[in-house]
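# Chains, contacts and geometry: an overview
So the chains spell out like this:
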Amino acid sequence: MKAFSSVANGKINLSLDITGIRPDGYHEVAMVMHSVPLFDVVTVEVGEGEGITLEISDKTLPTDSKNIAYRAAEKYLDRINEKSRIYIRIKKNIPVGAGMAGGSTDAAAVLKCLNRAFDERLDEKELMEIGLTLGADVPFCIKGGCCLSEGIGEVLTEIPTLKGKKLLVAKPNFSVSTKDVYTEYDHTEIKKRPDTKAVIEAVKNNDILALKESTHNVLEEVTKGIHPEIGVIEDIMYSHKADLSMMTGSGPTVFGFFQKDEDIKTCADKLKETLKDVCILKI
Ligand code: ATP
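Just so you know, these numbers come straight off a predicted model, no measurement behind them.

## Brief notes about the domain arrangement of the protein
According to the domain assignment, the protein contains domain 1 (2-158) and domain 2 (166-282). The gap between the C-alpha centroids of domain 1 and domain 2 is 23 Å. Of the residues lining the interface, 24 residues belong to domain 1; the matching set on domain 2 comes to 33 residues. Roughly 2,100 Å² is buried in total at the junction of domain 1 and domain 2, and carbon and sulfur atoms are behind 68% of that figure. Looking only at domain 1, the three residues that lose the most surface to domain 2 are L14, L16 and I18, adding up to 26% of its buried area. Scanning the region where domain 1 abuts domain 2 turns up one salt bridge. Taken together, the connections running from domain 1 to domain 2 amount to 13 residue pairs in polar contact (both at pLDDT 80 or more). Elements with a contribution of two residues or more to the side of domain 1 that touches domain 2: β1 (3-21), β2 (27-47) and β5 (146-151). Per-element accounting of the side of domain 1 that touches domain 2 gives the leading share, nine residues, to β1. Taken together, the residues of the side of domain 1 that touches domain 2 break down into 17 nonpolar, five polar and two charged.

## Things to note about unusual backbone geometry
Both trends apply: most residues other than glycine have a negative phi, and most peptide bonds are in trans. Geometrically, the link from G251 to P252 is a cis peptide bond, its omega value of 5° lying close to zero. Tracing the backbone through its elements, the reader meets P252 in the loop between β8 (244-247) and β9 (254-258). You will see that D119, though not glycine, has its phi angle at about 55°, which is positive. Following the sequence through the fold, D119 ends up in the loop between α2 (102-117) and α3 (124-134). In this structure, N206 takes a positive phi of about 55° despite not being glycine.

## As for the pattern of salt bridges
All chains considered together, the criterion is met by 22 salt bridges. One salt bridge connects K282 with D261, and the closest N-O pair in it is separated by 3.8 Å. With K282 in strand β10 (residues 277-282) and D261 in helix α10 (residues 261-272), this pair connects stretches of sequence that are 21 residues apart. Residue K282 is classed as exposed on the basis of its relative accessible area, which comes to 53%. Look at D261 and you get partly exposed, because its relative accessible area is 47%. The partner of D277 in a salt bridge is K276, with the nearest N and O atoms 3.8 Å apart. Taken together, the salt bridges that share partners define one network made up of R79, K125, E126 and E129.

Parameters and conventions
- Here, residues in each chain are numbered from 1, in the same order as that chain's written sequence.
- In keeping with the predicted nature of the model, local features appear solely for residues at pLDDT of at least 70, side-chain atom pairs appear and are counted solely at 80 or more, and the whole-chain, interface and lining totals rest on all residues.
- Computation of side-chain values covers all heavy atoms of the structure but excludes hydrogens and water.
- Domain extents, as shown, originate in an automatic or database domain assignment.
- Any pair of residues with heavy atoms lying within 4.5 Å of one another is described as a contacting pair.
- Summed over both partners, buried area is the accessible surface (1.4 Å probe) that two parts give up on being assembled.
- A carboxyl oxygen of Asp or Glu within 4 Å of a side-chain nitrogen of Lys or Arg is what we treat as a salt bridge.
- Whenever a nitrogen or oxygen atom comes within 3.5 Å of another N or O atom, the pair is scored as a polar contact, on the condition that within protein one atom can donate a hydrogen and the other can accept it, and that pairs from neighbouring residues in sequence are kept only if both atoms are in side chains.
- Strands here are runs of E lasting at least two residues and helices are runs of H or I lasting at least four, both read from the DSSP assignment and numbered beginning at the N terminus.
- Nonpolar residues are Ala, Val, Leu, Ile, Met, Phe, Trp, Tyr, Cys and Pro. Charged residues are Asp, Glu, Lys and Arg, and all others, Gly as well, are polar.
- Throughout this description, buried means an accessible area under 20% of the type-specific maximum (1.4 Å probe, protein chains only), exposed means over 50%, and partly exposed covers the range between.

Below, the structure written as structure tokens:
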């Protein structure tokens, strides 16, 4: 049996705005997402027979249809109308429930691996259509890089990626449910919103200080209201000379951009005194 592997990158939100709520309850978004080099490794094998077997290094995660990667395989086979025996192995590195699209990126990688196994039977647009039925972040995870994501996550516009940036990512020692945060958002009065056009300009110009002037994550008020620890991590990053520090997605992970290796390293060491998931990345 031939194995197909893919790295499944996590993401951060350089901005996140909610622009409307559809009658069916789906939130319309305008968010700038950026892939980061913190990734799971996904391997897929296809053989004779039927059934899906999923092995995942994090033993707290489900291995049946509760796992979004498992559902991705089911949906792909349905779509191409094939029955096959599928083995999926996932080595998790992205923290779970972090706001870094850990599950979504695994699902995206399964779709891409299966498509290679089936001789690229679907094009990227069709893979993204399947992806959207799994979750709003899956289409972006299929594309990767840096994108403005609109609609309910299906309208993606590519933006040049940031270059030569030092990024610190720190997840508090708890997770949040994306669904709960969006529900709470519906009852929260939002006082500040990002200037998404200016955010895109700042990213194009590779200018973190201009990004700081224009960006915001509207879910930050919601998650920070419940978990003030998020603000404490941001303050620690700023006290170590971060140019920008904010929460990604529905949280609780906080990221910061730094200019100097010594500042990011000292900040990482400080955060590691209390936090389990802290890593320095280069993008
Ligand atoms: P997003 O940024 O897309 O909102 P997240 O990073 O906040 O996602 P995930 O790590 O995707 O959150 O986990 C959310 C929930 O999904 C967890 O409670 C977990 O049990 C479940 N889950 C199902 N499949 C996976 C998977 N392959 N990897 C991680 N979590 C998964």
